[in-house]
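# A structural walkthrough
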Amino acid sequence: MDSVYLIMVDRFANGRTANDQAVDTASPTAWHGGDLAGIRANLDYIEQLGVSTVWITPITRSRTEPIGGHPSWHGYWVADGRAVDPRFGTLAELKALRDDLHSRGMSLMMDLVLNHVGPETPLTTAHPEWFRTNGDVTDWTDDAQRRTHDVHGLPDLDHSQPAVVQHLLKDGRHWIRSVGPDAIRVDAVRHLDVPFLTAWIDAMKTASPNPIAFAGEVYDGNAAAIAREAHATGLTHTFDFPLHYAITESVCESGDLRKIPAAITQDRAYPAGHQWITFLDNHDTARIATVCGDATKTAIALMMSLRGIPSITWGTAQGMTGRTEVEARGDMVFATGPFRDFIADR
């Protein structure tokens, strides 16, 4: 893995309308029909951008109804951790995407959710005893609370229970054995029990016949906090939030470039051989073109010149804008865009 392209599946491309369900492309909160077939149909575009790994957001069957105005099409509200959501396609199509990528010398990173499921989904009904009932996180600085409380109302799996651990191990092994992804992006790491995640990663390494990378989302600007998670769990890669903040704050806001070397000097805190996935925006942040404006090319050039594995988000090359979650998760437009050639040339 030397570069990454992030795709939010529903917002990328609709390659097969037969699997559309209640699609309304005029509504920013509705499903828009993006699927695995749409990704496969546009691999030339992705390869020409110069990236080597395609990271797809969760394709597991998920809750489809919105909650309090918050849409569900992102895939992170899991309903069945061992099934491809029919809106996205089939297991055969997922395997075909893997094969297509491998034939191009590229790789597949799947996104798995181990911390929670969607509200009112099968597991919450079948096994209510599997979930903690401590209420929402209210103090985000409290490590114990982050790991034992609900994240914005999402049912929090109790990883101290052997039955829960076995269930999640089966989820992971299913994808290792049936698809064989080259990497797994682990969602919401700082909300997971450390002993559980350590054991889960070890089990997936054992289950995989090939080397596999584990990229953890530790949503924290403190490098020491991320390094502790990497040391404790065996994550091979982490998303470099400290450098993300350093670049966007210095290049796009204050102009104080000293924040960048200050972030990189913290590399010594990480395990030997650890890899950083660098990014300027992703599916949880404002778009870099909105944050940086005229300095966007400077930020892109800087990120791609520094150490780490650069990650580009769908639509960034087209100059997609947006600050809120719904705005920033807009539909892909396949056009040259203001930054496409600039990124490809890097």
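These figures come from a predicted structure and were not determined experimentally.

Before going further, it helps to examine the overall build of the protein. If you tally the helices and strands in the protein, you get 14 helices and ten strands. Over its C-alpha trace the protein gives a radius of gyration of 19 Å, about what one expects of a compact globule, namely 20 Å for 346 residues. Here the C-alpha coordinates of the protein stretch approximately 50 × 50 × 45 Å along the principal axes. Among the 346 residues that make up the protein, the fraction classed as buried is 58%. Expressed as a percentage of contacts within the protein between residues at least 6 apart in sequence, the contacts between residues at least 24 apart total 70%. Carbon and sulfur atoms form 51% of the exposed surface of the protein, whose accessible area is close to 13,600 Å². Side-chain charges of the protein comprise 30 positive and 44 negative groups, with the mean position of each set lying 4 Å from the other.

Turning our eyes to something else, we now look at the environment of Lys205. Mapped onto the elements of the fold, Lys205 is located in helix 7 (residues 194-207). The spatial distance from the C-alpha of Lys205 to the C-alpha of Gly81 is 19 Å, given a sequence separation of 124 residues. With residues up to four places along the chain from it excluded, the contact list for Lys205 reads Phe214 and Gly234.

Here we take up the side chain of Arg329. Tracing the backbone through its elements, the reader meets Arg329 in the loop between helix 13 (325-328) and helix 14 (340-345). Contact partners of Arg329, with chain neighbours within four places excluded, come to Met8, Arg11, Trp73, His74, His283, Asp284 and Trp314.

Let us look at unusual backbone geometry. If you check the backbone angles, Ala22 has positive phi at about 50° while not being a glycine. Positionally, Ala22 belongs in the loop between strand 1 (4-7) and helix 1 (36-41). Even without being a glycine, His152 presents a positive backbone phi close to 55°. Within the fold, His152 resides in the loop between helix 5 (143-148) and helix 6 (162-178). On the basis of relative accessibility, which here comes to 64%, the residue His152 falls in the exposed class.

Here a disulfide denotes one covalent bond, and it connects the sulfur atoms of two cysteines. Using the criterion set out here, one finds one disulfide in the structure. Shown here is the disulfide that connects Cys252 with Cys292, its sulfur atoms set 1.5 Å apart. One end of the pair, Cys252, is in helix 9 (residues 241-254); the other, Cys292, is in helix 11 (residues 288-292), with 40 residues separating them in the sequence. Neither residue differs from the other here; Cys252 and Cys292 are each classed as buried.

To continue, consider helix 7. For helix 7, which comprises 14 residues, the first-to-last C-alpha distance of 20 Å matches the rise-based estimate of 20 Å (1.5 Å per residue) to within 8%. What helix 7 keeps buried is the set Phe196, Leu197, Trp200, Ile201, Ala203, Met204 and Ala207. Viewed along the axis of helix 7, the buried residues span an arc of 165°, placing them on a single side of the element. Residues of helix 7 that are exposed and point more than 90 degrees away from the buried face comprise Pro195 and Thr206. The inward-facing, buried residues of helix 7 contact strand 5 (107-112), helix 6, strand 6 (183-186), strand 7 (213-216) and helix 8 (223-233).

What follows covers helix 3 (residues 91-103). Spanning 13 residues, helix 3 covers 18 Å between terminal C-alpha atoms, matching the ideal 18 Å at 1.5 Å per step. Check the buried side of helix 3 and you find it contacts helix 1, helix 2 (43-49), strand 2 (53-56), strand 4 (78-84), strand 5 and helix 6. Of the residues one or two after helix 3, Gly105 is the one with positive phi, at around 75°.

The subject of this paragraph is the pattern of salt bridges. Counted according to the given criterion, the structure contains 26 salt bridges. Asp111 serves as the salt-bridge partner of Arg185, at 3.2 Å between the closest nitrogen and oxygen. Note that Arg185 is positioned in strand 6 and Asp111 in strand 5, a separation of 74 residues in sequence. Like Asp111, Arg185 is buried. Among the ionic pairs, Glu229 bridges to Arg147, the shortest N-O distance being 2.3 Å.

Cut-off values and rules
- Residues numbered from 1 in each chain as written.
- Predicted model: local features only at pLDDT ≥ 70, side-chain atom pairs only at ≥ 80, totals over all residues.
- Heavy atoms only, no water.
- Helix = DSSP H or I, 4+ residues; strand = E, 2+ residues; numbered from the N terminus.
- Rg over C-alpha atoms; globule rule 2.2 N^0.38 Å.
- Buried < 20%, exposed > 50% of the residue type's maximum accessible area, 1.4 Å probe, protein only.
- Contact = heavy atoms within 4.5 Å.
- Areas by Shrake-Rupley, 256 points an atom, 1.4 Å probe, with all protein chains shown as cover.
- Lys, Arg positive; Asp, Glu negative; His and termini not counted.
- Charge placed at Lys NZ, Arg CZ, Asp CG, Glu CD.
- Disulfide = S-S within 2.5 Å.
- Expected span 1.5 Å × (residues − 1).
- Arc of directions from axis to C-beta.
- Salt bridge = Lys/Arg side-chain N within 4 Å of Asp/Glu carboxyl O.

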